[in-house]
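Structural description and commentary
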Amino acid sequence: MLIIAPVIIVLNIVIGFAGAVKQKDVQPEKLRNGLWHKAGFIGLIALAYVIEYTAQYADLGFEVPTVLAVCAYVIVTEIVSVFENLCVLNPDLADSPMGAIFRKTPKVVEVEEGEKTDTAGLEW
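In this report, the structure presented in the accompanying data block is examined. (Residues numbered from 1 in each chain as written. Predicted model: local features only at pLDDT ≥ 70, side-chain atom pairs only at ≥ 80, totals over all residues. Heavy atoms only, no water.)

It is worth spelling out unusual backbone geometry at this point. Positioned with a positive phi, Lys24 is a non-glycine residue whose angle comes to about 55 degrees. With respect to the helices and strands, Lys24 occurs in the loop between α1 (4-22) and α2 (28-55). (Helix = DSSP H or I, 4+ residues; strand = E, 2+ residues; numbered from the N terminus.)

Put into C-alpha cells, the structure is as follows:
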C-alpha cells in the first residue's frame, strides 16, 4: 500500500497533465494547486505512519492501523481522479461499464455534456 499510493498519485499527475494539454488548458496555477494537494496526501501518509509507529510504544489497549486506512483512502480518491482524467483523454470511457460506476463525478459529467454539443452549440 505504501508503494501503490505514491505510484497512483504520480499516475494521476501525468494523466491529468495530458488531459490539460489535450484540452489546450494548461494552467500553471491549477498544476501548482494540484501538486500541493498531492503533497498533502503524502504528508497525511507520513503522519499516519508516525501515529502508528508511536502507538507501538504507547499502551492504548488497541492497534491503530492508520497507514493502511490512509493509503486505502488516498488510493480510492486517486482512482476516481485518474478515471475522470482518462475520460478527458477518451470521452468514450464515460459510456463504458467503468464509466457507469463513476457517472456522477464532476469531470465525467462535464465530458458527457461536452460531447452533446460542439463549440457552436449545435447538437451532434
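So, next bit.
Two numbers describe how α2 lies on helix α3 (residues 66-89): the axes approach to 8 Å, and their chain directions differ by 165 degrees. By the criterion of interaxial angle, the relationship of α2 to α3 is roughly antiparallel. Crossing of α2 over α3 shows left-handed handedness. Facing Lys38, Phe41, Leu44, Ile45, Ala48, Tyr49, Ile51 and Glu52 of α2, the residues of α3 in contact are Thr66, Val67, Leu68, Val70, Cys71, Tyr73, Val74, Thr77 and Glu78. (Axes fitted to C-alpha atoms, helices over the stretch in contact; angles between N-to-C directions. Parallel < 35°, antiparallel > 145°, perpendicular 65-115°, else oblique. Left-handed = near helix turned anticlockwise from the far one by under 90°. Contact = heavy atoms within 4.5 Å.)

Now for the nonpolar core. One finds Ala5, Ile45, Val70, Cys71 and Val74 to be the most contacted residues of the largest nonpolar core, which totals 13 residues. Within the residue set of this core, elements represented by two or more residues are α1, α2 and α3. It is α3 that provides the largest number of residues to this core, a total of six residues. In contact with Ala5, other than residues within four places in its own chain, are Ile45, Cys71, Val74 and Ile75. (Core = buried A, V, L, I, M, F, W, Y, C linked by side-chain atoms within 4.5 Å. Buried < 20%, exposed > 50% of the residue type's maximum accessible area, 1.4 Å probe, protein only.)

Looking now at the packing of α1 against α2. Two elements in contact, α1 and α2, have axes whose closest approach is 11 Å; the angle formed by their N-to-C orientations is 175 degrees. Relative to α2, the element α1 is oriented roughly antiparallel. Between α1 and α2, the residues in contact are Ala5, Ile9, Asn12 and Ile13 and Leu35, Lys38, Phe41, Ile42 and Ile45, respectively. Per-class residue counts for the contact of α1 with α2 are seven nonpolar, one polar and one charged. (Nonpolar A, V, L, I, M, F, W, Y, C, P; charged D, E, K, R; others polar.)

With that settled, consider the pattern of salt bridges. Evaluation of the coordinates by the stated rule reveals one salt bridge. Lys38 is the salt-bridge partner of Glu78, the closest N and O atoms lying 3.0 Å from each other. Of the two residues, Glu78 is situated in helix α3 and Lys38 in helix α2; the sequence distance between them amounts to 40 residues. Each member of the pair, Glu78 as well as Lys38, is classed as buried. (Salt bridge = Lys/Arg side-chain N within 4 Å of Asp/Glu carboxyl O.)

Glancing now at the environment of Phe102. Structurally, the position occupied by Phe102 is in the loop between α4 (97-101) and α5 (106-116). Residue Phe102 is classed as buried on the basis of its relative accessible area, which comes to 9%. Residues Phe102 and Ser81 lie 21 residues apart in sequence; the distance between their C-alpha atoms is 9.8 Å.

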